[in-house]
Number of protein chains: 2
Amino acid sequence: METITARTNEKIKYAALLASSSSKRAEYGEFFLEGARLCSDAAQTGISVVRAFFTKDALTKYESYIAVIREKCDECYTVSADVAGKLSDTGSSQGVFCICKVRDTEGVSLKRNGRYIALENVQDPSNLGAVCRSCEALGIDGVIVSGGCDVYNPKALRAAMGSSLRINLITADNLPVFIKKANGAGMLTLASVPSSDARDIRSFDFKDGAIICVGNEGNGLTEETKSVCSSTVTIPMEGRAESLNASVAAAILAWELKR
Amino acid sequence: METITARTNEKIKYAALLASSSSKRAEYGEFFLEGARLCSDAAQTGISVVRAFFTKDALTKYESYIAVIREKCDECYTVSADVAGKLSDTGSSQGVFCICKVRDTEGVSLKRNGRYIALENVQDPSNLGAVCRSCEALGIDGVIVSGGCDVYNPKALRAAMGSSLRINLITADNLPVFIKKANGAGMLTLASVPSSDARDIRSFDFKDGAIICVGNEGNGLTEETKSVCSSTVTIPMEGRAESLNASVAAAILAWELKR
């Protein structure tokens, strides 16, 4: 393997750019992934690994993980500790990094009677990652992500612990349009709101499937999305808490959706 | 109000110390709180506010919140923007800070047929705060916190959005000892584990109350705590996800506990 020791190397600059910029990830259709387990999981899951970087220490310490990555990726480099420091987002880097292709979600269609969580403008990467993790663990059929949901943010990828690379991920450029289509196909579509006027999540029957929409941490769902959903839905609350954390709300909704 | 302009002022140094050090919070029985809404909520909830600091800008911008704080606290200061910068933990400080007394939880006893979540070594402040927020919203009777659960960490306070200052908070110096006592009082005590061998959370009847224990993000509950609980409990999982985020798991358990 060729060794890269300069922080100014074009490939390193490109990797750092993908790590830091959501718009560059969208422009190039690639994302940056860090961590021995995450990178090896990605390669194993069928994510296309374009390029990988390992420190010398990592080559021995994470030998088995790296073997999996090298089997799927032809372009591998060793990097100096200094270069790894530039790439790493964490305090304790494992020295394993790769660049992957964003999965193509065009043409992915909704399963008949499927159960889905749709996210609109969920901005906190930890929340986004946790929702992907919960949805995989609870057996949700797919996560629909729309504008402002940056699933490939490095923090979101870490919080998802690989789930976002395994779950059925569907991109909706315009959530209201997507919901209208689902309505047209006879699907139950629900807008979750922290309001006692909305119907209790426990009062629905999900045997024919549904899409439950969860909105932004501070502002909830957009008026447009709320207005196109078949109904509103809520998790009844007590006390003076005015809302639940977005990832917590999504998890309880997903749990009930699967019940 | 007296104005403080020096970062080296003893009161400012003390406030910054409480903000950064868990052991100092425990030693002095006081904690540091930031934010107009959080500080005013604390004062209103009956938390003892020892001392408060406001920037000049905050005095006009957050007038109504500050009025509540000043009504309950005799020792108020205005601080310069520079001093506020030293105190603030966030990028966009509101310039409202106070020092509060840790609530005395000695002698707080468990309610007959009460429903409780117990946390053991939950270390991520965002998770801790989210659990308090969920437990208040879902109407849990109290949160039992043991070793390593630093509820008064500024990030945890922020994530709880005031819930940790309102819920019934019970400190257990030694969780296994606490659980044994609860067992002796005839209470159902459950150790949550990510294992398919444990009983499904949906198979329990909680009408006589229960305590559900949730452990550390990476390592789960200690063997000692698991061994003293009446039973293990789990949230059934699918896919390749091996566990749920701790705050998500606690929320689903709390949701079922209240069902």
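Remember, it's a predicted structure, so these values are computed and weren't measured experimentally.

Visitor: So what exactly am I meant to see when it comes to the relation of the copies chain A and chain B here?
Guide: In this structure, two copies of a chain are linked by a rotation about an axis accompanied by a shift along it. The transformation that overlays chain A on chain B combines an axial shift of 0.0 Å with a rotation of 180°, and the residual RMSD is 0.0 Å. Here the copies are linked by what is in effect a two-fold axis. When C-alpha distances to the rotation axis are compared across chain A, the minimum falls at Val248 of chain A, with a value of 2.6 Å. Both copies present the same face, since 100% of the interface residues in chain A are matched by interface residues at the equivalent positions in chain B.

Visitor: Which parts of the structure should I look at to understand the packing of aromatic side chains?
Guide: The description of an aromatic ring pair uses the distance of the two centres, along with the angle that the planes make with each other. Taken as a whole, this structure holds ten aromatic pairs over all chains when the rule is applied. Relative to Phe97 of chain B, the ring of Phe32 of chain B lies with its centre 5.9 Å away and its plane at 20°, an arrangement referred to as stacked. Taken together, the residues span a long stretch of sequence, with Phe32 of chain B in strand β2 (residues 30–34) and Phe97 of chain B in strand β5 (residues 96–101) at a distance of 65 residues. Exposure class is identical for Phe32 of chain B and Phe97 of chain B. Each is buried. Here the guanidinium or amino end of Arg199 of chain A rests over the ring plane of Phe204 of chain A, the centre of that ring lying 3.9 Å away.

Visitor: In this structure, what is going on with the pairing of strand β11 (residues 210–214) of chain A? I would like to understand it.
Guide: Note on strand geometry: in a regular strand, side chains alternate between the two faces of the sheet. All names here are of chain A. For β11, a buried count of five out of five residues is recorded, marking the element as mostly surrounded by other parts of the structure. Of the two faces of β11, the one carrying Ala210, Ile212 and Val214 and the one carrying Ile211 and Cys213 are both buried. Relative to β11, strand β6 (residues 115–119) is paired through five bridges, and the arrangement is parallel. Bridge pairing in β11 links Ala118 to Cys213. Across three bridges, the pairing between strand β9 (residues 189–192) and β11 is parallel. Residue pairing for β11: Ala191 is matched across the bridge by Cys213.

Visitor: Looking at this structure, I do not really get unusual backbone geometry. What am I missing?
Guide: Positive phi values are uncommon outside glycine, yet Met161 of chain A reaches one of about 50°. The topology assignment puts Met161 of chain A in the loop between α8 (154–160) and α9 (163–166).

Visitor: Explain the interface of chain A and chain B to me, please; I cannot follow it from the model alone.
Guide: Much of the literature gives interface size as the accessible area that the parts lose upon coming together. Chain A puts 32 residues into the contact, and the matching count from chain B is 32 residues. Together, the buried faces of chain A and chain B total about 2,800 Å²; carbon and sulfur atoms form 54% of this surface. By the criterion of area lost to chain B, the three top residues of chain A are Arg133, Arg240 and Trp255 of chain A, representing 24% of everything that side buries. The interface formed by chain A and chain B includes four salt bridges. Arg259 of chain B is the partner of Glu256 of chain A in a salt bridge, and the nearest nitrogen-oxygen pair spans 2.7 Å. Summed over the shared surface of chain A and chain B, the result is ten residue pairs in polar contact (both at pLDDT 80 or more). Where the side of chain A that touches chain B is concerned, the elements lending two or more residues are α3 (36–45), α7 (125–137), α9 and α12 (246–258) of chain A.

Visitor: Which parts of the structure should I look at to understand the packing of helix α7 (residues 125–137) of chain B against helix α12 (residues 246–258) of chain B?
Guide: Axes are the key here: two packed helices are described by the angle between their axes and the distance separating the axes. All names here are of chain B. Two numbers describe how α7 lies on α12: the axes approach to 8 Å, and their chain directions differ by 15°. Viewed along their axes, α7 and α12 adopt a mutual orientation that is roughly parallel. The hand of the α7/α12 crossing is right-handed. Mapping the contact onto sequence places Asn127, Ala130, Val131 and Ser134 in α7 and Ala246, Ser247, Ala250 and Ala251 in α12. For the contact of α7 with α12, the residue count by class is five nonpolar, three polar and no charged.

Visitor: What is the right way to look at helix α3 (residues 36–45) of chain B in this model?
Guide: The periodicity of an α-helix, 3.6 residues per turn, causes residues three or four places apart in sequence to face the same way. Residues and elements named next belong to chain B. With seven of ten residues buried, α3 is to be regarded as a mostly interior element. Buried residues of α3: Ala36, Leu38, Cys39, Ser40, Asp41, Ala42 and Ala43, and no others. As for α3, its buried residues are in contact with β2, β3 (49–55), α5 (63–72), β5, α8 (154–160) and α9 (163–166). Just beyond α3, the residue with positive phi is Gly46, at close to 100°.

Visitor: I keep staring at empty space enclosed by the protein and nothing clicks. Help me out?
Guide: Over the atoms rolls a probe the size of a water molecule, and in doing so it shows where empty space is left. Using the criterion set out here, one finds two cavities of 30 Å³ or more in the structure. A volume near 50 Å³ is recorded for the largest cavity. For the largest cavity, the full set of lining residues is Phe32, Leu33, Glu34, Leu38, Pro154, Leu157 and Arg158 of chain A. Contributions of two or more residues to the lining of the largest cavity are made by β2 (30–34) and α8 of chain A. A class-by-class count of the residues in the lining of the largest cavity yields five nonpolar, no polar and two charged. Broken down by secondary-structure element, the contributors of at least two residues to the lining of the second largest cavity are β2 and α8 of chain B. When grouped by side-chain class, the residues that make up the lining of the second largest cavity number five nonpolar, no polar and two charged.

Cut-offs used in this document
- Residues numbered from 1 in each chain as written.
- Chains lettered and ligands numbered in written order.
- Predicted model: local features only at pLDDT ≥ 70, side-chain atom pairs only at ≥ 80, totals over all residues.
- Heavy atoms only, no water.
- Least-squares fit on C-alpha atoms with pLDDT ≥ 70 in both.
- Contact = heavy atoms within 4.5 Å.
- Phe/Tyr/Trp six-rings, centres within 6.5 Å; stacked < 30°, edge-to-face > 60°.
- Helix = DSSP H or I, 4+ residues; strand = E, 2+ residues; numbered from the N terminus.
- Buried < 20%, exposed > 50% of the residue type's maximum accessible area, 1.4 Å probe, protein only.
- Lys NZ or Arg CZ within 6 Å of the ring centre and 35° of its normal.
- Pairing = 2+ DSSP bridges.
- Buried area = accessible area lost by both parts, 1.4 Å probe.
- Salt bridge = Lys/Arg side-chain N within 4 Å of Asp/Glu carboxyl O.
- Polar contact = N/O pair within 3.5 Å; in protein donor to acceptor, adjacent residues only side chain to side chain.
- Axes fitted to C-alpha atoms, helices over the stretch in contact; angles between N-to-C directions.
- Parallel < 35°, antiparallel > 145°, perpendicular 65-115°, else oblique.
- Left-handed = near helix turned anticlockwise from the far one by under 90°.
- Nonpolar A, V, L, I, M, F, W, Y, C, P; charged D, E, K, R; others polar.
- 1 Å grid on protein atoms, 1.4 Å probe; cavity = no way out; pocket = protein on both sides within 12 Å on 5 of 7 lines; lining within 4 Å.
- Points joined across faces, edges and corners; volume = space filled by probe spheres on them.

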